[in-house]
Amino acid sequence: MSALTIRNLKKTYGNGVEALKGIELTVEKGDFFALLGPNGAGKSTTIGIISSLVNKSSGQVSILGHDLDTERALAKQKIGVVPQEFNFGQFEKVFDIVVTQAGFYGIPASLARQRAEKYLRQLGLWDKRSNQARTLSGGMKRRLMIARALVHEPDLLILDEPTAGVDIELRRSMWDFLIGLNEEGRTIILTTHYLEEAESLCRNIAIIDHGQIVENTDMKSLLEKLQVETFILDLARPVTAAPSLSGFQVRLRDATTLEVEVPKTENLNRLFTELAEQNFQVMSMRNKSNRLEELFVRLVEQNLPGQAQPAEATS
Amino acid sequence: MSGYQQWVAFCTIVIKEIRRFTRIWPQTLLPPAITMTLYFVIFGNLVGQRIGDMGGFDYMQYIVPGLIMMSVITNSYGNVVSSFFSTKFQHSIEEMLVSPMPNYVILTGFVVGGMARGMAVGLIVSLLSLFFTHLSLQHLWITVSVVVMTSALFSLGGFLNALFARNFDDISIIPNFVLTPLTYLGGVFYSLDLLPDFWRAVTLVNPIVYMVNAFRYGVLGVSDVNVYASLGAILVFVVVFFALSLWLLNRGTGIRS
């Protein structure tokens, strides 16, 4: 049984905007899945429909075998949602927010309090339990929303940009927490703008653009599609012109920095040999951008209006 | 969700609502107490002494039931309209919408929360009135029924207002420009017998007249209208408003795009 099955899902808003044009998506149980796309691509609409916050125009959504139209309550019981925007009562206390959410799922108060303590401790918010939510930092508010989404212990957790505005240290600790949840058997679907995050955490990925899935595969296969990687080389001495290297595209960014496009078919040893022969001494090297980011930009650029080619659901 | 789980969810909303209006008691419970005390002092004592009897009672006794009912109406309405609109405004309504709670539980929870505030304020005002006059309940069950149904009806009204409201102006228009005039013209301060035939007929279109008079009948035993017809009409309105609210909630009006 799949954790999430979406069939021919369409959404047209009242103002005529066609946000989803019939998407197909399957997320297997236990997966750590990334849903990526540029702003306005349809990610939040998709999540909104799955979590019953947005009415779909047509199509089918099934969560762990429960159809959202015919078994809505059972389907809702199975998912926890961490939205992009803070959506709790700002004047309520942290502990009350989590306990109240448990109550909405019919969890009795004593068990709700136990669960609230468990997740607030795990997310490092126990000391803040008596604080009003509005007094928390941005990172704490995000963690509060995760604790709240977990209090009914859902099988499928959907996080819409959970680490937006969170500092690097905290982001890493949240990654570890999410990996732990996934290892316990929970299916996790994540949208993020940090492509490094998707590459580090997720095994499968779908890219959505202009309301259509333009790529849906496992992370490894996707990254293999990357034909060219761009590297930045820092030179020991200033130069006035870029070297001429056969098989590589080279550009001089400034007097001590080269930008080199390396096709997948070429090996880096030859690059360094040729540079050394021309008296270019390389001190350090790094990727111009995250590999997934390069691929993402290319896929989205290919999918300009009128060129969209929806992908088959494969994962 | 099982029946027990729905009960837990319902209690969660009611407790949340009661916690909200008691936490901000200087905004919710104190102002009606002060306003109504002023009414008792000015209209009841100072002006009332010059008016003399009305409907067979001294003026203070005559207006107290109406003022209690006025408090119940405005506070039931005000609680739900502000609380439910705030949950929309802060998006915390999403906490409820993502849960498996049926919509009728959400609706009933908010309505009972509004009734709790309406009746709490009604009780405070009733206790305050005892400093100014003597009250003895003539018909206990009619009094209780009117208060319960009226607070339910105006809680539902507040809910409908909040569903359609898009900004804070929208939640103040109806209380200020519809509810307040209807309440003041609803026979709180005068008997309908004082009005010329034409204005009496016009006044009978005002639904608040029936609630105030039914409540006055429960407390004092006098009414300008048929009490049982009033109770029936309130009940019909409660059922219609509940059905309408639930239908809109199921459609997602004002809460889902």
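Definitions and cut-offs
- Residues numbered from 1 in each chain as written.
- Chains lettered and ligands numbered in written order.
- Predicted model: local features only at pLDDT ≥ 70, side-chain atom pairs only at ≥ 80, totals over all residues.
- Helix = DSSP H or I, 4+ residues; strand = E, 2+ residues; numbered from the N terminus.
- Buried ≥ 20, exposed ≤ 12 C-beta atoms within 10 Å, placed from the backbone.
- Contact = placed C-beta atoms within 7 Å.
- Rg over C-alpha atoms; globule rule 2.2 N^0.38 Å.
- Axes fitted to C-alpha atoms, helices over the stretch in contact; angles between N-to-C directions.
- Parallel < 35°, antiparallel > 145°, perpendicular 65-115°, else oblique.
- Left-handed = near helix turned anticlockwise from the far one by under 90°.
- Expected span 1.5 Å × (residues − 1).
- Arc of directions from axis to C-beta.
- Nonpolar A, V, L, I, M, F, W, Y, C, P; charged D, E, K, R; others polar.
- Pairing = 2+ DSSP bridges.
- UniProt positions renumbered as here; feature names shortened; annotations may be inferred.
- Core = buried A, V, L, I, M, F, W, Y, C linked by C-beta atoms within 7 Å.
- pLDDT = per-residue confidence, 0-100.

**Student:** Any details on the overall build of chain A? Residues and values, ideally.
**Tutor:** Of the regular secondary structure elements, chain A holds 10 helices and 14 strands. Considering only C-alpha atoms, chain A reaches an extent of 75 × 45 × 35 Å along its principal axes. For chain A, buried positions account for 41% of its 315 residues. For chain A, contacts bridging at least 24 residues in sequence account for 69% of all contacts bridging at least 6.

**Student:** Break down the overall build of chain B for me, with residues and values.
**Tutor:** For chain B, the count of helices and strands is 11 helices and two strands. Taken from the N to the C terminus, the helices and strands of chain B come in the order α-α-α-β-β-α-α-α-α-α-α-α-α. In terms of C-alpha radius of gyration, chain B reaches 19 Å, essentially the compact-globule figure of 18 Å for 257 residues. Principal-axis analysis of the C-alpha atoms places the extent of chain B at approximately 60 × 35 × 35 Å. For chain B, buried positions account for 48% of its 257 residues. Sequence-distant contacts in chain B: of pairs separated by 6 or more residues, those separated by 24 or more amount to 82%.

**Student:** Lay out the packing of helix α7 (residues 140–164) of chain B against helix α10 (residues 207–220) of chain B with the relevant residues and their values.
**Tutor:** Residues and elements named next belong to chain B. Contact geometry of α7 with α10 gives a least axis separation of 8 Å together with a crossing angle of 150 degrees. Between α7 and α10, the crossing angle belongs to the class labelled roughly antiparallel. Classified by chirality, the crossing of α10 by α7 is left-handed. For the pair α7 and α10, the contacting residues are Ile-142, Thr-143, Val-146, Val-147 and Thr-150 in the first and Met-211, Ala-214, Phe-215, Tyr-217, Gly-218 and Val-219 in the second.

**Student:** Lay out helix α4 (residues 109–122) of chain A with the relevant residues and their values.
**Tutor:** The α-helix advances 3.6 residues per turn, and as a result positions three or four apart in sequence lie on the same side. Residue and element names in this part refer to chain A. Over its 14 residues, α4 runs 20 Å from end to end, which matches the ideal 20 Å to within 8%, given 1.5 Å per residue. Looking only at α4, the buried set comprises Ala-112, Arg-115, Ala-116, Tyr-119 and Leu-120. Along the axis of α4, the buried residues cluster in a sector spanning 125 degrees; they form a single face. Where α4 is buried, its residues contact α3 (94–104) and α5 (138–150).

**Student:** Got a sec to walk through the packing of helix α6 (residues 103–129) of chain B against helix α11 (residues 227–251) of chain B? Specific residues and values, please.
**Tutor:** Residue and element names in this part refer to chain B. The geometry of α6 relative to α11 is characterised by a closest axis approach of 9 Å and an angle of 130 degrees between their N-to-C directions. It follows from the interaxial angle that α6 and α11 lie oblique. Crossing of α6 against α11: the hand is right-handed. Contacts between α6 and α11 pair Asn-103, Tyr-104, Ile-106 and Leu-107 from the former with Ser-245, Leu-246, Leu-249 and Asn-250 from the latter. Tallied by class, residues from the contact of α6 with α11 come to five nonpolar, three polar and no charged.

**Student:** Before we move on, can you summarise the sheet that holds strand β6 (residues 79–82) of chain A with the specific residues and values?
**Tutor:** All names here are of chain A. One open sheet accounts for six strands, arranged β6-β7-β8-β3-β9-β10; its pairing is mixed. Edge strands, defined here as strands with exactly one partner in the open sheet, are β6 and β10 (212–218). On average, each strand axis in the sheet is inclined to that of its neighbour by 15 degrees, with strand direction left out of account. Of the pairings in the sheet, the one linking strand β7 (residues 156–160) to strand β8 (residues 187–191) comprises five bridges and is parallel in character. Paired with Asp-160 across the bridge in β8 is Thr-191. This element, helix α1 (residues 43–50), spans β3 (32–36), β6, β7, β8 and β9 (204–209) of the sheet and lies at about 145 degrees to β7.

**Student:** So what about the UniProt feature "domain: ABC transmembrane type-2" (unreviewed entry) in chain B? Which residues, and what values?
**Tutor:** In the numbering used here, UniProt assigns the feature "domain: ABC transmembrane type-2" (unreviewed entry) to residues 23–252 of chain B. With 77% helix and 2% strand, residues 23–252 of chain B has end C-alpha atoms that lie 30 Å from one another.

**Student:** Give me the nonpolar core: which residues, what numbers.
**Tutor:** Core analysis: the biggest nonpolar cluster contains 146 residues, and A:Ala147, A:Ile158 and B:Phe159 have the highest contact counts within it. When residues no more than four places from it in sequence are discounted, the contact partners of B:Phe159 are B:Val80, B:Phe84, B:Leu107, B:Phe110, B:Val111 and B:Ser245. The next biggest cluster of nonpolar side chains, apart from the first, holds seven residues, and it includes A:Leu233, A:Leu245, A:Leu258 and A:Leu275.

**Student:** A description of the UniProt feature "transmembrane region" (unreviewed entry) in chain B should follow, citing residues and the corresponding values.
**Tutor:** Residues and elements named next belong to chain B. Those residues carrying the UniProt feature "transmembrane region" (unreviewed entry) are residues 29–47, 59–78, 104–128, 140–165, 171–191, 198–215 and 227–249 in this numbering. Along residues 140–165 one finds 96% helix and 0% strand; the C-alpha atoms at either end are 37 Å apart. As a span, residues 227–249 carries 100% helix and 0% strand, and end to end its C-alpha atoms are 33 Å apart.

**Student:** Go over α6(B), please, and point to the residues and values.
**Tutor:** Here α6(B) is 27 residues long and its end C-alpha atoms lie 39 Å apart, about the 39 Å a rise of 1.5 Å per residue gives. Of all 27 residues making up α6(B), 21 are buried, and the element is well covered by its neighbours.

**Student:** Break down the pairing of strand β11 (residues 228–235) of chain A for me, with residues and values.
**Tutor:** Summarising the sheet, β11(A) and strand β13 (residues 257–263) of chain A pair through seven bridges and their orientation is antiparallel. By the bridge assignment, A:Leu233 is partnered in β13(A) with A:Leu258.

**Student:** Can you tell me about the pairing of strand β4 (residues 58–63) of chain A, naming the residues and giving the values?
**Tutor:** Residues and elements named next belong to chain A. In the sheet, strand β1 (residues 2–12) pairs with β4 via five bridges, with the strands oriented antiparallel. Following the sheet pairing, Thr-5 is matched in β4 by Ser-62. Note that β4 and strand β5 (residues 66–67) share two bridges and pair antiparallel. Pairing of Ser-62 across the sheet is with Asp-67, part of β5. Turn length for the β4-β5 hairpin, with the two strands adjacent in sequence and antiparallel, is two residues, and the turn residue Leu-64 shows positive phi of about 45 degrees.

**Student:** Could you give an account of the confidence of the model for chain B, naming the residues involved and the relevant values?
**Tutor:** Residue and element names in this part refer to chain B. When the pLDDT values of chain B are averaged, the result is 91; 100% of them are 70 or greater. Per-element confidence in chain B is highest for α6, whose mean pLDDT is 96, and lowest for strand β1 (residues 53–54), whose mean pLDDT is 83. Under the prediction, the complex receives an ipTM of 0.88, its pTM being 0.82.

**Student:** So what's going on with the sheet that holds strand β12 (residues 249–254) of chain A? Which residues, and what values?
**Tutor:** Residue and element names in this part refer to chain A. Taken together, the four strands give an open sheet; going across it, the order is β12-β13-β11-β14, and neighbouring strands pair in antiparallel fashion. The sheet is open, and its two borders are formed by β12 and β14 (282–287), each paired with just one other strand. Going across the sheet, the axis of each strand differs from the next one's by a mean of 25 degrees, ignoring polarity.

**Student:** Can you break down the environment of A:Met174 residue by residue, with the values?
**Tutor:** Residues and elements named next belong to chain A. With respect to the helices and strands, the residue Met-174 is situated in helix α6 (residues 168–183). We classify Met-174 as buried; it has 21 C-beta atoms within 10 Å. Counting along the chain gives 12 residues from Met-174 to Pro-162, while the straight-line C-alpha distance between them is 8.7 Å. Once residues lying within four places of it in the same chain are set aside, the contact partners of Met-174 are Pro-162, Thr-163 and Val-166.

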